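Coordinate inspection notes
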Amino acid sequence: HIFYEAFIGILFKGTIMFSNAFWMMDKLFLSMFLNLYLGLASRKSSKKVFFIYLFAAAIFLFVGTPYYYLAAVAGSFIAYIDKNHPFNRPAIATILFFIGIFIGGYPTLIVPQGGLYRLVYFDGVKNPAMLYHIIGASLIIFGIMNSAILQRLLTLKPFLFLGKVSYSLYLIHI
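Here's what I pulled together on the structure shown here. The structure presented is a predicted model; accordingly, all values stated were derived computationally and were not measured.

1. Some words on a nonpolar patch on the surface
- Residues F3, Y4, F7, I8, F12, L30, M32, F33, L36 and L40 make up a contiguous nonpolar surface patch of about 1000 Å² in total accessible area.
- Of all elements in the fold, only α1 (2-13) and α2 (25-41) reach the threshold of two or more residues within the nonpolar patch.
- Take F12: its relative accessible area is 45%, and that puts it in the partly exposed class.

Okay, structure coming up:
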């Protein structure tokens, strides 16, 4: 039973028998294969790549699957852009970073009643908070990858310290 849970349950069913920290392991495992497929599909057809990623995003956005896989598509697309189409506009990247912080701060479990978040609320979206958090995180990552200023800022000692202790604190809070 332990062997089954360790290798099948955790990776394919999201079993958390051993630790609550494994709650997302099945999504990460399947996302790895999704990224592998997207990487292979976008390797040779540079003109069709945008449509490949758009199609994959549409499937995970509209079919009703969890948005976790949409995050995998976004990450794969960012990696593709970084490798094949360098983005040499640091000012725009920095603006996208701050837009990502705003969108990533969308409130969870409540419908915004006022303020700026009310302007981006859509009734038709299944889980707007998760969708906006994925979009926000993607913009933050893209902004950091393409802005030397943000990269230098994040190499300051306080941020490096936060990076060293954050995973340990995550595991302790569970």
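2. So, α1
- Relative to the 16 Å expected for 12 residues at 1.5 Å per residue, α1 spans just 14 Å between its end C-alpha atoms, considerably shorter than the ideal helical length.
- Of all the residues in α1, the buried ones are E5, G9 and I10. Projection of α1 onto a plane perpendicular to its axis shows the buried side chains occupying an angular sector of 90°, all on one side.
- Tucked into the core, α1 has its buried residues touching α2.

3. Observations regarding the nonpolar core
- In terms of nonpolar packing, the biggest core is built from 18 residues, with L34, L38, Y53, F60, L70 and V73 touching the most fellow members.
- If you list the elements that add at least two residues to this core, you get α2, α3 (49-62), α4 (68-84) and α7 (128-145).
- Ranked by residue count, the leading element in this core is α4, at seven residues.
- In contact with L70, not counting residues within four places along its chain, are A57, F60, L61, L131 and I134.
- Within the second largest apolar cluster, five residues are counted, among which are I103, A129, Y132 and L139.

4. Some thoughts on the pattern of salt bridges
- In total, this model carries one salt bridge according to the counting rule given.
- Between D26 and K27 there is a salt bridge whose closest N-O contact spans 3.3 Å. As far as the burial class goes, D26 and K27 line up, both buried.

5. Some remarks on α2
- In a regular helix each residue adds 1.5 Å, so 17 residues correspond to 24 Å; α2 covers 24 Å between its end C-alpha atoms and thus fits that length.
- Here α2 has its buried residues at D26, K27, F29, S31, L34 and L38.
- Looking at the buried positions of α2, the neighbouring elements they touch are α1, α3 and α4.

Calculation rules
Residues numbered from 1 in each chain as written. Predicted model: local features only at pLDDT ≥ 70, side-chain atom pairs only at ≥ 80, totals over all residues. Heavy atoms only, no water. Patch = residues over 30% accessible without salt bridge, like charges linked within 9 Å, V, L, I, M, F, W, Y side chains within 5 Å. Areas by Shrake-Rupley, 256 points an atom, 1.4 Å probe, with all protein chains shown as cover. Salt bridge = Lys/Arg side-chain N within 4 Å of Asp/Glu carboxyl O. Helix = DSSP H or I, 4+ residues; strand = E, 2+ residues; numbered from the N terminus. Buried < 20%, exposed > 50% of the residue type's maximum accessible area, 1.4 Å probe, protein only. Expected span 1.5 Å × (residues − 1). Arc of directions from axis to C-beta. Contact = heavy atoms within 4.5 Å. Core = buried A, V, L, I, M, F, W, Y, C linked by side-chain atoms within 4.5 Å.

Structural measurements only, silent on function.
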